[in-house]
There are 2 protein chains.
Amino acid sequence: MSTVTKKQREIIDRPRQILRVSRDIFRKRGYLGLNMDRIAEQMGIAKGTIYQHFKNKEEVILAMAVETLEKRIAMFERAVLFQGCARSRMAAMGCAAELFVINFPDHFELEKVLSCSSIIEKTSEKLQTAKTVAEMRCISLVAGLVRDGIASGGLSLPNDFKPDQVVFGLWSISYGGYSIMESQETLKQMGIENGFRLVRDMNNKLLDGFGWKPLSSELDYNAIFDEVRTLIFSDFPKP
Amino acid sequence: MSTVTKKQREIIDRPRQILRVSRDIFRKRGYLGLNMDRIAEQMGIAKGTIYQHFKNKEEVILAMAVETLEKRIAMFERAVLFQGCARSRMAAMGCAAELFVINFPDHFELEKVLSCSSIIEKTSEKLQTAKTVAEMRCISLVAGLVRDGIASGGLSLPNDFKPDQVVFGLWSISYGGYSIMESQETLKQMGIENGFRLVRDMNNKLLDGFGWKPLSSELDYNAIFDEVRTLIFSDFPKP
DNA sequence: TGCCATTTTTGACGCTTCGTCAAAAATGGT
DNA sequence: ACCATTTTTGACGAAGCGTCAAAAATGGCA
């Protein structure tokens, strides 16, 4: 008998299984449609067993978010390796962010649920920290590129600006833009069809505002997006 | 006896009362803490009566959001009257948006709850439309300023950009930025203290990116914010 | 004022979901 | 085969939602 028995392996793997099933239900039925009895039934185990791994429903949701966040980190880590000037590499990052949203559409819905204070408050400090850590890793990668931009001379920030603040700007546009896109009837009313393209453009204009060379008028960053997609993310389905 | 009796007036006024009480509970206890029994108890009426005015809990939440949105429209309508160049008036709009978030902090929490698809799906088409209409009014006001900017020569948009798209950018930064500010431990980790100031700066940089004159390097838009606050919004408490 | 048709309010009820925990089942060491 | 320990189970109490038949309030009229 191996030191780790079959049973033990089954238990070790269960959290992952629970999250897989939960994600499936969440995708189909959303926050209100995800409930512990349904997870248990779908898993073929008793409800009580789920509570051995997650202290409540909200914790399951947070764990799903952390899981997808790991995927995003992996994508960012690939994007950062794109060969080019700092601003092109930042565009590669934008491409990664866009592909992430497209390929893991449930993540944004999870983020929205978790942004409700009374929901996140029910989760454990520990998992919350795990989420923060994952986010910080994404931010660090992006901030690194801003520093590269400064070091290579393409970007010079005013005295009172720090690299992290530029990241905040990009993050706001992406987070805000994707949120508005997904959940607002309003957009259609505005006659905007291609929201992804628009988020790209706005990120570009923001960086133009900081005077980061080459400006988007000098270099076609949409072409860079295509390049990044074929060179780095060819394993993701075409749009 | 007047044509409208005391009783009738009481009934007509009840939705407003319900929303007042609900907002109070929501502020203190959030989405999960707001429940129909609690509202009824606090109002001194039976639960069933509430259902004469709102078809369910989510509808109450949506109605609260529409109510605050009206406040925002009023603030935007005041801001647009600021005397100055188009870009300064846009700054006035930014000031209004900022003051709105500060003075109606529950609105953002409401937005977050309502951005969850399984929650908004429980509400009536009718109220959803009311929210969209209110949002469109805000957007129109801002888009009008972009057009003024173009007309007065300070701004010239590239061919493939429409005024509404600029609004989308500003809206994304504000929506995204305020969301991140409110609900993220991450920000503190990033060493960002003054989120409001940062949202202002990012909006400015975005408009700089579009080349909207005078650029933020040529005119101190933070000074404009102070001016707007004293001239137009003196009835709002100082920060 | 008293009567009664109509409107409005009430809160008990059935249903769903949450999270718990004592009892039952499974495990694995001897 | 036995049994101490670990793991699973699902019935249960609590809480909240939305409903609806019964009760109460209203207001027009004699």
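Sequence order as written defines the numbering, with residues in each chain counted from 1. Going through the entries in the order they are written, you letter the chains from A and number the ligands from 1. Residue-level local features of this predicted model are given only where pLDDT is at least 70; pairs of side-chain atoms are given and counted only at 80 or more, and the full residue set underlies all totals for whole chains, interfaces and linings. Hydrogens and water molecules were not included; the side-chain quantities draw on all heavy atoms of the structure.

Concerning the nonpolar core
Link 1 in the chain: Only buried Ala, Val, Leu, Ile, Met, Phe, Trp, Tyr and Cys residues count toward a nonpolar core, and they belong to the same one when joined by side-chain atoms within 4.5 Å. Buried, partly exposed and exposed residues are distinguished by accessible area as a fraction of the type maximum, computed with a 1.4 Å probe on protein chains only: under 20%, between the cut-offs, and over 50%, respectively. In terms of nonpolar packing, the biggest core is built from 113 residues, with Met 90, Phe 168 and Phe 233 of chain A together with Met 90, Phe 168 and Phe 233 of chain B touching the most fellow members.
Link 2 in the chain: Should any heavy atoms of two residues lie within 4.5 Å, those residues are considered in contact. Dropping the residues within four chain positions of it, Phe 233 of chain B is found in contact with Met 75, Arg 78, Ala 79, Ala 96, Leu 99 and Val 228 of chain B.
Link 3 in the chain: Judged by nonpolar contacts, the second largest core, of 52 residues, contains Leu 34 and Ala 40 of chain A together with Val 113 and Leu 127 of chain B.

Description of the interface of chain B and chain A
Link 1 in the chain: Facing 54 residues of chain B, the contacting portion of chain A comprises 54 residues.
Link 2 in the chain: Here the quantity called buried area is the total loss of accessible area, with a 1.4 Å probe, experienced by two parts when brought into contact, counted for both. Together, the buried faces of chain B and chain A total about 4,400 Å²; carbon and sulfur atoms form 73% of this surface.
Link 3 in the chain: What makes a salt bridge here is a side-chain nitrogen of Lys or Arg within 4 Å of a carboxyl oxygen of Asp or Glu, nothing more. Run the count over chain B and chain A and you get zero salt bridges.
Link 4 in the chain: Nitrogen and oxygen atoms within 3.5 Å of one another constitute a polar contact, given that in protein one can donate a hydrogen and the other can accept it, and given that sequence-neighbouring residues count only through two side-chain atoms. Seen at the junction of chain B and chain A, the total is six residue pairs in polar contact (both at pLDDT 80 or more).
Link 5 in the chain: For the side of chain B that touches chain A, the elements supplying multiple residues, two or more each, are helix H1 (6-33), helix H6 (105-114), helix H7 (117-120), helix H8 (125-151), helix H9 (163-183), helix H10 (185-189) and helix H11 (195-209) of chain B.
Link 6 in the chain: Under the scheme used here, helices are H or I runs from DSSP no shorter than 4 residues and strands are E runs no shorter than 2 residues, and both carry numbers assigned from the N terminus. Considering every element that reaches the side of chain B that touches chain A, the biggest residue donor is H9 of chain B, with 15 residues.
Link 7 in the chain: Polar here means any residue other than Ala, Val, Leu, Ile, Met, Phe, Trp, Tyr, Cys and Pro, which are nonpolar, and Asp, Glu, Lys and Arg, which are charged; Gly is therefore polar. Tallied by class, residues from the side of chain B that touches chain A come to 24 nonpolar, 16 polar and 14 charged.

Here we look at helix H6 (residues 105-114) of chain A
Link 1 in the chain: For H6 of chain A, the tally of buried residues reaches nine of ten residues, placing the bulk of the element in the interior.
Link 2 in the chain: When H6 of chain A is considered as a whole, its buried residues turn out to be Asp 106, His 107, Phe 108, Glu 109, Leu 110, Glu 111, Lys 112, Val 113 and Leu 114 of chain A.

Some points on the domain arrangement of chain A
All names here are of chain A.
Link 1 in the chain: Taken domain by domain, chain A consists of domain 1 (1-53) and domain 2 (55-231).
Link 2 in the chain: Domain start and stop points were drawn from an automatic or database domain assignment. Domain 1 and domain 2 are separated by 30 Å when their C-alpha centres are compared.
Link 3 in the chain: For the domain 1 face of the interface with domain 2, the top three residues by lost area are Arg 23, Phe 26 and Tyr 31, together amounting to 49%.
Link 4 in the chain: The interface formed by domain 1 and domain 2 holds three salt bridges in total.
Link 5 in the chain: Between Asp 106 and Arg 23 there is a salt bridge whose closest N-O contact spans 2.9 Å.
Link 6 in the chain: The interface formed by domain 1 and domain 2 contains seven residue pairs in polar contact (both at pLDDT 80 or more).
Link 7 in the chain: With eight residues, helix H1 (residues 6-33) is the single largest residue contributor to the side of domain 1 that touches domain 2.

With respect to the relation of the copies chain B and chain A
Link 1 in the chain: All copies are superposed by least squares; the fitting set is the C-alpha atoms of residues with a pLDDT of at least 70 in both. At an RMSD of 0.0 Å, chain B and chain A line up after a rotation of 180° and a shift of 0.0 Å along the axis. The superposition operator between the copies reduces to a two-fold rotation axis.
Link 2 in the chain: A high fraction, 100%, of the interface residues of chain B reappear at the interface in chain A, so the copies pair face to face through one surface.

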